[in-house]
Amino acid sequence: MRLRIWRSDPTTDEPGSFGEYEIDTFPDMVVLDAVLAIQRSLVPDLAVRWNCKAGRCGSCSAEVNGRPVLMCTTPLSLYENEEALTITPLRTFPLVKDIVTDPSRAYEAARRVPPFQPDPNGALGAAEVERQRELRKCIECFLCQDVCHVLRDQKLYRQFVGPRHLLHAASLELHPLDALDRRKPVQETLGLGYCNVTRCCTDVCPEGIRITDDAIIPLKERLADRSDPLRWVWDRLSPPRKRRALPVLPSDDPDE
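Please read these numbers as outputs of a predicted model, since none were measured by experiment.

Definitions and limits used
Residues numbered from 1 in each chain as written. Predicted model: local features only at pLDDT ≥ 70, side-chain atom pairs only at ≥ 80, totals over all residues. Heavy atoms only, no water. Helix = DSSP H or I, 4+ residues; strand = E, 2+ residues; numbered from the N terminus. Contact = heavy atoms within 4.5 Å. Areas by Shrake-Rupley, 256 points an atom, 1.4 Å probe, with all protein chains shown as cover. Buried < 20%, exposed > 50% of the residue type's maximum accessible area, 1.4 Å probe, protein only. Pairing = 2+ DSSP bridges. Core = buried A, V, L, I, M, F, W, Y, C linked by side-chain atoms within 4.5 Å. pLDDT = per-residue confidence, 0-100. Phe/Tyr/Trp six-rings, centres within 6.5 Å; stacked < 30°, edge-to-face > 60°. Lys NZ or Arg CZ within 6 Å of the ring centre and 35° of its normal. Axes fitted to C-alpha atoms, helices over the stretch in contact; angles between N-to-C directions.

(A) Broad picture of the overall build of the protein chain. Along the backbone of the protein chain there are 10 helices and seven strands. Looking at the protein chain alone, contacts between residues at least 24 apart form 66% of all its contacts between residues at least 6 apart. Summing over all exposed atoms, the protein chain offers an accessible surface of approximately 13,700 Å²; the carbon and sulfur share of this is 50%.

(B) Summary view of the pairing of strand E1 (residues 2-7). Across the two faces of E1 the burial differs, with Leu3, Ile5 and Arg7 buried and Arg2, Arg4 and Trp6 not buried at all. Bridge analysis of E1 against strand E5 (residues 85-88) gives three bridges, and the strand direction is parallel. When the bridges of E5 are listed, Ile5 appears paired with Ile87.

(C) Here's a closer look at the nonpolar core. Core analysis: the biggest nonpolar cluster contains 37 residues, and Ile5, Val31, Val35, Met71 and Ile87 have the highest contact counts within it. Looking at this core, the elements that each hand over two or more residues are E1, helix H1 (31-41), strand E3 (61-64), strand E4 (67-70), E5, helix H4 (143-147) and helix H8 (200-204). A total of six residues in this core trace back to one element, the largest contributor, which is H1. Discounting chain neighbours no more than four positions away, the residues touching Val35 are Ile5, Leu46, Val48, Met71, Ile87 and Ile99. Counting 28 residues, the second-largest nonpolar core is a separate cluster that includes Val150, Leu166, Cys195 and Ile216.

(D) Local environment of the pairing of E4. The sheet contact formed by E3 and E4 spans four bridges and is antiparallel. Residue pairing in the sheet places Val64 in a bridge with Arg67 of E4. Linkage of E3 to E4, two consecutive antiparallel strands, is achieved through a turn of two residues, within which Asn65 is found at a positive phi near 50°.

(E) Here's a closer look at the confidence of the model for the protein chain. Averaged over all residues, the pLDDT of the protein chain equals 89, while 88% of them reach at least 70. Counting contacts from residues 243-256, a segment whose pLDDT is below 50, to residues more than four positions away or on other chains yields 18 contacts.

(F) The packing of aromatic side chains, seen in detail. On inspection of all chains with the given rule, the structure shows four aromatic pairs. A centroid spacing of 5.1 Å and a plane angle of 75° characterise the contact between Trp6 and Phe18, whose relative ring orientation is edge-to-face. Linking Trp6 in strand E1 with Phe18 in strand E2 (residues 17-22), this pair joins segments that are 12 residues apart in sequence. In this structure Phe18 comes out as partly exposed when scored by relative accessible area, which is 30%. Aromatic pair Tyr107 and Phe142: ring centres 5.9 Å apart, planes at 70°, arrangement edge-to-face. Residue Tyr107 is located in helix H2 (residues 104-110), and its partner Phe142 is located in the loop between helix H3 (126-135) and H4; the two are separated by 35 residues in the primary sequence. A connected cluster of aromatic rings, assembled from ring pairs, spans Phe93, Tyr107 and Phe142. Residue placement shows Arg4 over the ring face of Phe18; its charged tip is 4.1 Å from the ring centre. Between Arg105 and the ring centre of Tyr157, over which it is positioned, the NZ or CZ distance is 3.8 Å.

(G) Region of interest: the environment of Ala109. With respect to the element layout, Ala109 can be found in helix H2. In this structure, the C-alpha to C-alpha distance between Ala109 and Val161, residues 52 residues apart in sequence, is 5.5 Å.

(H) Region of interest: the sheet that holds E2. The strand order across the open sheet built from five strands is E2-E1-E5-E3-E4, with neighbouring strands paired in mixed fashion. A strand with exactly one partner marks an edge of an open sheet, and here the two such strands are E2 and E4. The average angle at which neighbouring strand axes cross in this sheet is 35°, direction not considered. Along the sheet, H1 contacts E1, E2, E3 and E5; its crossing angle with E1, the most-contacted strand, is approximately 70°.

Here is the structure:
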């Protein structure tokens with residue numbers, strides 16, 4: 001199989017270019033196997049980041065034929081009809097070398113999400129436990145950040161934290177044991193309004209998290225409630241408990 005891998009070292013004046021390599025494949029081989037085989041036998045200075053090789057750490061994120069994927073869980077058989085496999089680094093993050101990028105920008109954005117503040121009077125139901133489990137499946141591979149057009153094309157890194165961090169904000173804002181109202185920072189600091197719900201982040205999530213429907217849209221609904229004057233008056237007259245305002249997931253338990 002023929003692979004084209006982006007080679008570039010920003011510390012030198014040399015322009016980047018694609019290296020082309022031919023390898024023998026075997027059944028169930030994944031993209032990361034192919035890249036490591038090339039590194040081992042053809043170009044030992046090829047930079048590639050990986051760790052668990054089991055789809056759990058998110059280290060081997062890259063773009064294959066223009067689509068962000070985890071290389072360790074992407075079989076080569078998906079591309080057997082392609083003339084060549086093209087592997088490039090994530091476009092949303094600064095390049096370190098070859099197909100390795102620097103995710104520091106994402107960690108800086110994470111610090112803009114207000115942390116958990118426990119509510120001593122909160123209560124956690126079974127349906128809400130399921131919601132939290134779903135929202136916390138993220139492995140921080142940042143594929144959603146890479147495909148988000150607000151970051152990828154418009155490069156609004158300061159104005160918009162991206163889907164990964166809106167997912168984290170939603171897990172806190174929708175948590176019935178959390179006391180902090182994050183609606184203002186979600187709108188002003190995290191830039192929720194920049195998301196126009198294209199669902200591209202959901203499409204690439206390797207954990208299958210419905211980032212748009214289960215996190216971003218509920219956050220937008222909370223902001224809409226805040227801007228409704230009748231709802232604002234009603235909330236002042238009868239402050240809702242945070243957990244009662246939650247749309248809950250369907251439950252099989254008839255007592256809930």
